[in-house]
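Structural characterization, general
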Amino acid sequence: MKTSNWVKLIGISCIVFGSLGVIANISSLFTPQWIIETWPTISPVHLKWIERLVYLGIFVNIIYLMAGIFFLRNKPFSLILIYSALIISLLYVVIPWIFFKPFDDLIFVVIGPIIDLCLIIAVYRIRKYYYEDPDEIVKLFGEIKLDPPQLKLLTFLSVIFISIPILLQGLWIYAFSLADNQSEAVTIFHSYYPEYLHGPYTSTYISIAFCLLAIILSSISLKLSGKLWKTLNTVILIFGSLMFFLNLFQLI
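Residues numbered from 1 in each chain as written. Predicted model: local features only at pLDDT ≥ 70, side-chain atom pairs only at ≥ 80, totals over all residues. Heavy atoms only, no water.

1. Points about the packing of helix α6 (residues 148-178) against helix α7 (residues 182-190)
Heads up, the rule is: Here an angle of 0 to 180 degrees is reported between the N-to-C directions of two axes, which are lines fitted to C-alpha atoms, with helices fitted over the stretch in contact. In this text, helices come from DSSP runs of H or I with a minimum length of four residues, and strands from runs of E with a minimum of two, each type numbered from the N-terminal end. Each angle gets one of four labels, with under 35 degrees taken as roughly parallel, over 145 as roughly antiparallel, 65 to 115 as roughly perpendicular, and the rest as oblique. Each helix crossing is assigned a hand: it is left-handed if the near helix lies turned anticlockwise from the far helix by less than a right angle, otherwise right-handed if that turn is clockwise. The contact criterion used throughout is that any non-hydrogen atoms of two residues lie within 4.5 Å. Ten residues, namely Ala, Val, Leu, Ile, Met, Phe, Trp, Tyr, Cys and Pro, are considered nonpolar, four, namely Asp, Glu, Lys and Arg, are considered charged, and the remaining ones, Gly among them, are considered polar.
α7 packs onto α6 with a crossing angle of 130° between their chain directions and a minimal axis gap of 8 Å. Comparing their axes, α7 and α6 come out oblique. For the crossing formed where α6 meets α7, the hand is right-handed. In this structure, α6 contributes Leu168, Leu171, Trp172, Ala175, Phe176 and Leu178 to the contact, and α7 contributes Gln182, Glu184, Ala185, Val186, Ile188 and Phe189. Class assignment of the residues belonging to the contact of α6 with α7 gives a composition of 10 nonpolar, 1 polar and 1 charged.

2. What about the nonpolar core?
As a rule of thumb, nonpolar side chains are buried together in soluble globular proteins. Stated precisely, the cut-off is as follows: The set of buried Ala, Val, Leu, Ile, Met, Phe, Trp, Tyr and Cys residues whose side-chain atoms join them within 4.5 Å is what this entry labels a nonpolar core. Three labels apply to residues, based on accessible area from a 1.4 Å probe with only protein chains included: buried if under 20% of the type maximum, exposed if over 50%, partly exposed otherwise in between.
By size, the foremost hydrophobic cluster in this structure holds 38 residues, and its most contacted members are Ile10, Phe71, Ile82 and Leu86. Those elements giving two or more residues to this core turn out to be α1 (3-30), α3 (44-72), α4 (78-99), α5 (106-126), α6, α8 (202-221) and α9 (227-251). Contacts of Leu86, omitting those with residues within four sequence positions, involve Cys14, Tyr64, Asp116, Leu119, Ile120 and Val123.

3. Quick notes on the side chain of Ser78
Heads up, the condition is: Contacts described as polar in this section are N or O atom pairs within 3.5 Å, which, within protein, must combine one atom able to donate a hydrogen with one able to accept it, while residues neighboring in sequence count only if both atoms come from side chains.
With respect to the helices, strands and loops of the structure, Ser78 is situated in helix α4. Residue class for Ser78 comes out buried when judged on its relative accessible area of 0%. Here Lys75 takes part through its backbone nitrogen, which lies 2.8 Å from a polar atom of the side chain of Ser78. What Ser78 contacts, discounting residues up to four positions off in sequence, is Phe70, Phe71, Tyr130 and Tyr131.

So, in structure tokens, the structure goes:
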């Protein structure tokens, strides 16, 4: 992909995730009871740290958002700013979890840092061409040469990955159809999988992660010749993108 396209992808990603983070943090400030209702077994110590992290999170996500805007505009300080924003965002989640463990939900902790690390790698890969050569072709993980059997295996894996968020969405629709209200629907929905996955938005984070994996693998597998394989990978890309944005919308 061209450097200019990488810049757009990274910048827009930072704007989207930063905006979602700011909205989520501000919403938490006005609905503190939501935290207690979502985590009924939360300890007072954990609650105190979560409240502090909410205030800090607003600042961190604003930096994240601004870094994406300036990165799109190719300002002289854009590289330094986006490196700083991504590293701060990474530390914002990892350090509190290591030392204070305000979150019991490991999925909640893992998804954000993984996204930050991927963006850091992408920024590092395009750094030499960011200001000088927007048409340079940059591959995130270098040149990857795969033969047809390997590409077909990636296609099968992408089918499995995209089926997970589709299944979760189907289960939620089914649970909602059985319930009289949203609280009852959540209870029914949680009954379908283990207790350690009952955290807030856990299924949403899982869906986002598997959507991203499906999109990446199917985009690589588009190199396969043959109408059937190209059609299958294109369908996976479309469904993966739709499910990805649907789950992002549910986080707002």
